[in-house]
Amino acid sequence: MHSDPAKIEFAFEIARKYPADPNADRGVYHTLRTGEAEYIPEIPDELLVTVTRDAEHLRLARALGLRSVIVTPLASRGSTIGALTLVMAESGRSYTAGDLELATELARRAAIYIENSRLYSDMQAEVSLQTADLRAVNQELESFTYSVSHDLRSPLRHLSGFLQLLKQSYGRSLDEKGKHYLDTVLDASQRMGVLIDDLLAFSRIGRADINLRPVDLSEIVDRIVKEMTRDHPGREIEWNIGLLPVVNGDLSMLALVFQNPLDN
């Protein structure tokens with residue numbers, strides 16, 4: 001930074017024409033390699049003569065009016081990730097030990113901010129990748145569940161139908177053991193049909209749109225209890241239902257939340 005934009009461009013022009021030597025034993029690259037700060041309270045002309053490469057370079061360096069310099073490392077997690085360079089010129093003032101202390105603290109904080117930003121960016125990228133993978137897996141699972149459950153319904157329907165015909169046509173001619181075997185297979189096929197229907201319902205949940213609105217859970221549970229009482233005549237069930245709240249959610253999905261465990 002400089003109060004005169006032309007001075008800034010002048011400094012960058014010199015840096016482009018005479019780029020810093022990565023192997024130099026002082027300056028920015030030395031700080032990057034070693035992690036050690038460089039503090040020169042007063043820059044003598046002899047130093048300019050030493051670090052410049054030719055007469056033109058020396059003339060330009062003198063034209064900058066350099067007086068004092070601080071190069072302090074941006075250190076984070078035990079490594080140097082950059083450097084903060086401060087140069088005093090033309091003002092007649094030189095950097096003090098207090099300025100070095102301030103620059104060191106600024107560099108420390110800047111390094112923390114930079115590293116946190118990198119970690120956050122890496123974490124966001126990882127989360128995005130995992131989210132995309134999880135979404136793809138869920139879509140495959142939904143498709144697989146739907147396909148399997150849909151394809152199983154047709155042969156199971158035939159199996160249940162022929163079992164019913166077998167029972168109606170030949171059930172009386174079977175002995176007790178044969179009737180027991182037939183009833184067991186028929187009951188198992190019916191339970192399998194219920195499981196397949198549940199699989200289809202589950203796959204539709206993943207495909208359904210969420211319709212959020214206020215839902216009275218007491219009304220949902222009351223309706224489910226009435227339906228189950230009607231569907232299971234002769235069962236003596238004692239219901240103990242407390243006060244349930246009104247929540248914001250999807251009516252059909254919340255009904256499944258209660259219906260499935262109660263039905264089980």
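Keep in mind the model is a prediction, meaning the values are calculated, not measured. (Residues numbered from 1 in each chain as written. Predicted model: local features only at pLDDT ≥ 70, side-chain atom pairs only at ≥ 80, totals over all residues. Heavy atoms only, no water.)

## Description of the overall build of the chain
When helices and strands are tallied, the chain shows eight helices and five strands. Along the chain, helices and strands appear, N-terminal first, in the series α-α-β-α-α-β-β-α-α-β-α-β-α. The C-alpha radius of gyration of the chain comes to 40 Å, more than 25% above the 18 Å expected for a compact globule of 264 residues. Considering the chain as a whole, with its 264 residues, one finds that 22% of them fall into the buried category. For the chain, the exposed surface amounts to about 18700 Å²; the carbon and sulfur share of it is 57%. (Helix = DSSP H or I, 4+ residues; strand = E, 2+ residues; numbered from the N terminus. Rg over C-alpha atoms; globule rule 2.2 N^0.38 Å. Buried < 20%, exposed > 50% of the residue type's maximum accessible area, 1.4 Å probe, protein only. Areas by Shrake-Rupley, 256 points an atom, 1.4 Å probe, with all protein chains shown as cover.)

## A few points about the sheet that holds strand β1 (residues 38-40)
Ordered by their spatial adjacency, three strands build an open sheet running β1-β2-β3, and the pairing between neighbours is antiparallel. The open sheet terminates on both sides in strands that have one partner only, identified here as β1 and β3 (79-89). Averaged over all neighbouring strand pairs, the angle between strand axes comes to 15 degrees, with direction disregarded. Pairing between strand β2 (residues 66-76) and β3: 10 bridges, direction antiparallel. Across the sheet, residue Val71 finds its bridge partner in β3, namely Thr85. Along the sheet face, helix α5 (residues 97-170) touches β1, β2 and β3 and points at about 35 degrees away from the line of β2. (Pairing = 2+ DSSP bridges. Axes fitted to C-alpha atoms, helices over the stretch in contact; angles between N-to-C directions. Contact = heavy atoms within 4.5 Å.)

## Things to note about unusual backbone geometry
Glycine aside, the phi torsion of most residues is negative, and most peptide linkages are trans. Notably, Arg77 is not glycine yet its phi reads approximately 55 degrees, a positive angle. You can see Arg77 is positioned in the loop between β2 and β3. Accessibility expressed as a relative area gives 65% for Arg77, which makes it exposed.

## So, the packing of helix α1 (residues 5-17) against helix α4 (residues 55-64)
Where α1 contacts α4, the axes come no closer than 11 Å and their chain directions differ by 155 degrees. Between α1 and α4, the interaxial angle falls into the category roughly antiparallel. Along this stretch, α1 crosses α4, giving a crossing that reads as left-handed. For the pair α1 and α4, the contacting residues are Lys7, Phe10, Ala11, Ile14 and Lys17 in the first and Glu56, His57, Leu60, Ala63 and Leu64 in the second. Split into classes, the residues belonging to the contact of α1 with α4 amount to six nonpolar, one polar and three charged. (Parallel < 35°, antiparallel > 145°, perpendicular 65-115°, else oblique. Left-handed = near helix turned anticlockwise from the far one by under 90°. Nonpolar A, V, L, I, M, F, W, Y, C, P; charged D, E, K, R; others polar.)

## Let's talk about the nonpolar core
In this structure, Ile40, Ile43, Leu47, Leu48, Leu58, Ala61, Val69 and Val71 together form the largest nonpolar core, which totals eight residues. When residues of this core are traced back to their parent elements, those giving at least two are α3 (45-51), α4 and β2. For Leu48, the contacting residues outside a window of four places in its chain are Ile43, Leu58, Ala61, Arg62 and Leu66. (Core = buried A, V, L, I, M, F, W, Y, C linked by side-chain atoms within 4.5 Å.)

## Details of the pattern of salt bridges
Oppositely charged side chains may form a pair once their charged atoms are brought near each other. Inspection of every chain in the model, using the stated rule, returns 13 salt bridges. Residues Asp187 and Arg191 are paired through a salt bridge, measuring 3.2 Å at the closest nitrogen-oxygen approach. Of the two residues, Asp187 and Arg191 are both situated in helix α6 (residues 176-207); the distance of four residues between them amounts to about one turn of the helix. Its relative accessible area of 38% is what places Asp187 among the partly exposed residues. We note a salt bridge from Lys226 to Asp222, for which the minimum N-O separation is 3.3 Å. Residue Lys226 and its partner Asp222 are located together in helix α7 (residues 217-231), separated by four residues, close to a single helical turn. Relative accessible area serves as the criterion here: at 39%, Asp222 is assigned to the partly exposed category. (Salt bridge = Lys/Arg side-chain N within 4 Å of Asp/Glu carboxyl O.)

## Section: α5
Taking 1.5 Å of rise per residue, the 74 residues of α5 would be expected to cover 110 Å, and the 106 Å separating its terminal C-alpha atoms lies within 8% of that figure. Arg153 marks the point of greatest bend in α5, at about 30 degrees, and the proline Pro155 comes within the next four residues. Considered for burial, the residues of α5 that qualify are Asp99, Ala103, Ala107, Ala111, Glu115, Thr145, Ser149, Leu156, Ser160 and Leu163. (Expected span 1.5 Å × (residues − 1). Bend = angle between axes of the 7 residues up to and from the residue.)

## Re the side chain of Glu115
For Glu115, the position within the fold is in helix α5. Looking at Glu115, the relative accessible area reads 14%, which means it is buried. Here Glu115 is in contact with Ser76, Arg77 and Ile81, once residues within four sequence places are set aside.

By themselves, these observations are geometric and do not establish any function.
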